[in-house]
Amino acid sequence: MSDTVISDSIYVKHSKGKFGSGSTSRESVLETFWFPYKSEDGYVELLLVSENLERVFGIKERVPVQQFQKEYEVRDNSSEIYLNLKKSLG
């Protein structure tokens, strides 16, 4: 990961959503976990991680570095989890 400094950690993205309509409408915050695996040409590429942080899915997201810095934050104490997942990816 060369272009920007990215921690060897799992990142968290919080997304707001609205479900239902009218009086049944509710807002919620969805928390997803991401494994950064590549950073180049001004973009960060990430893989979705399971909620229990034990598995990396094949779902990818490619975001500009500036957006990454705004929307994603390091999950506390996740360096060991990151390294275990990195080993599993081969």
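Here, every reference points to the structure presented above.
Residues numbered from 1 in each chain as written. Predicted model: local features only at pLDDT ≥ 70, side-chain atom pairs only at ≥ 80, totals over all residues. Heavy atoms only, no water.

Of note, T32 is situated in strand 2 (residues 26–40). There is a polar contact of 2.8 Å between the side chain of T32 and the side chain of W34. (Helix = DSSP H or I, 4+ residues; strand = E, 2+ residues; numbered from the N terminus. Polar contact = N/O pair within 3.5 Å; in protein donor to acceptor, adjacent residues only side chain to side chain.)

Moving on to the sheet that holds strand 2. The antiparallel open sheet is built from five strands, whose spatial order is 4-3-2-1-5. Strands with a single pairing partner mark the edges of an open sheet, and in this sheet they are strand 4 (56–64) and strand 5 (72–74). Mean inter-strand twist for the sheet, computed between neighbouring axes without regard to direction, equals 40°. The strands touched by helix 2 (residues 79–89) within the sheet are strand 2, strand 3 (43–49) and strand 4, with strand 2 carrying the most contacts at an inclination of about 60°. (Pairing = 2+ DSSP bridges. Axes fitted to C-alpha atoms, helices over the stretch in contact; angles between N-to-C directions. Contact = heavy atoms within 4.5 Å.)

It is worth spelling out the environment of V29 at this point. Along the polypeptide, V29 turns up in strand 2. Take V29: its relative accessible area is 54%, and that puts it in the exposed class. Spatially, the C-alpha atom of V29 lies 6.2 Å from that of G17, the residues being twelve residues apart in sequence. (Buried < 20%, exposed > 50% of the residue type's maximum accessible area, 1.4 Å probe, protein only.)

To continue, consider the packing of aromatic side chains. Aromatic ring pairs: the centre-centre distance and the angle between the two ring planes describe each pair. Counting across every chain of the model gives four aromatic pairs. For the pair W34 and Y72, a centre-to-centre distance of 6.5 Å together with 80° between the ring planes defines the contact as edge-to-face. Here W34, found in strand 2, pairs with Y72, found in strand 5; they are 38 residues apart in sequence, far enough to count as distant. Residue W34 is classed as buried on the basis of its relative accessible area of 5%. Ring centres of F68 and Y72 lie 5.2 Å apart, and the angle between their planes is 25°; this geometry places the pair in the stacked category. Among the aromatic residues, those joined into a ring-pair cluster are Y11, W34, F68 and Y72. Directly above the ring of Y43 sits R62, whose terminal nitrogen or CZ lies 4.0 Å from the centroid. (Phe/Tyr/Trp six-rings, centres within 6.5 Å; stacked < 30°, edge-to-face > 60°. Lys NZ or Arg CZ within 6 Å of the ring centre and 35° of its normal.)

Now for unusual backbone geometry. Look at D41: it is not a glycine, yet its phi comes out positive at around 55°. Considering the arrangement of structural elements, one finds D41 in the loop between strand 2 and strand 3. With a phi close to 55°, N77 is a non-glycine residue in the positive phi region. On the basis of relative accessibility, which here comes to 76%, the residue N77 falls in the exposed class.

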